[in-house]
Amino acid sequence: MAQAMRPNTAGGLFATDGKPHPRQDALLAVTLVLGLTSFVTAMFHDLHLLSSWTGLAGILTGAYGQWISVTTRERFGLILGLGAAGIGFFLGMAHGGLFGGLVD
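Trainee: Can you tell me about the overall build of the protein, naming the residues and giving the values?
Mentor: When its secondary structure is counted, the protein shows four helices and zero strands. Each helix (α) and strand (β) of the protein, taken in turn from the N terminus, gives the series α-α-α-α. Pairs at least 24 residues apart make up 80% of the contacts formed inside the protein by residues separated by at least 6 positions. Accessible surface, the protein: about 6600 Å² in total, of which carbon and sulfur atoms supply 72%.

Here it is, written out as structure tokens:
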């Protein structure tokens, strides 16, 4: 029963591996901000340019972040940001798109 004497160093489901990941953390933060911005601005019909462009940027940064992510914490946050960015992007596209109202 040596495993019973070993302390739990994992710390939980979202624990990191104990190493710093500055690039992954930056992508996580950027994806969350872009996703939240896209999601909130998608609720306003006139802000379709902002919601569609921030949604597209959030999807791209989130996809790259998923590709290089290391820990469950990073992947969980990236999925939240990707979901919000995707919803904002598609609602922005439905309200006028990336160039709607600019090209006649």
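This is not the end of the story, as more comes after the structure.
Trainee: I'd like to hear about the packing of helix α2 (residues 22-41) against helix α4 (residues 72-95), residue by residue, with values.
Mentor: In the contact formed by α2 and α4, the axes pass within 7 Å of each other and the chain directions differ by 30 degrees. With respect to α4, the axis of α2 lies roughly parallel. With respect to the hand of their crossing, α2 and α4 are arranged in left-handed fashion. Contacts between α2 and α4 pair Q24, D25, L27, L28, T31, L32, G35, L36, S38 and F39 from the former with R73, E74, G77, L78, L80, G81, L82, A84, A85, I87, G88 and F89 from the latter. Looking at the contact of α2 with α4 residue by residue, the class counts come to twelve nonpolar, seven polar and three charged.

Quick notes on the rules
Throughout this description, residue numbers start from 1 for each chain and increase along the sequence as written. Per-residue local features are limited, in this predicted model, to residues with pLDDT of at least 70; the limit for side-chain atom pairs, both in listing and counting, is 80 or more; totals at the level of whole chains, interfaces and linings are taken over all residues. To obtain the side-chain values, all non-hydrogen atoms of the structure were included, while hydrogens and water were left out. Runs of E in the DSSP output that reach at least two residues are strands. Runs of H or I that reach at least four are helices, and both are numbered from the N terminus. Contacts were defined at the residue level, with two residues in contact if any of their heavy atoms lie within 4.5 Å. Here the Shrake-Rupley method, with its probe set to 1.4 Å, supplies the accessible areas, and only the displayed protein chains count as covering residues. Axis geometry follows a simple rule: fit a line to the C-alpha atoms, using only the stretch in contact for helices, then measure angles between N-to-C directions, giving values from 0 to 180 degrees. The labels follow the angle: roughly parallel below 35 degrees, roughly antiparallel above 145, roughly perpendicular from 65 to 115, and oblique for the rest. Helix crossings get a hand from a simple test, with the near helix turned counterclockwise from the far one by less than a right angle marking a left-handed crossing and a clockwise turn marking a right-handed one. Nonpolar residues are Ala, Val, Leu, Ile, Met, Phe, Trp, Tyr, Cys and Pro. Charged residues are Asp, Glu, Lys and Arg, and all others, Gly as well, are polar.

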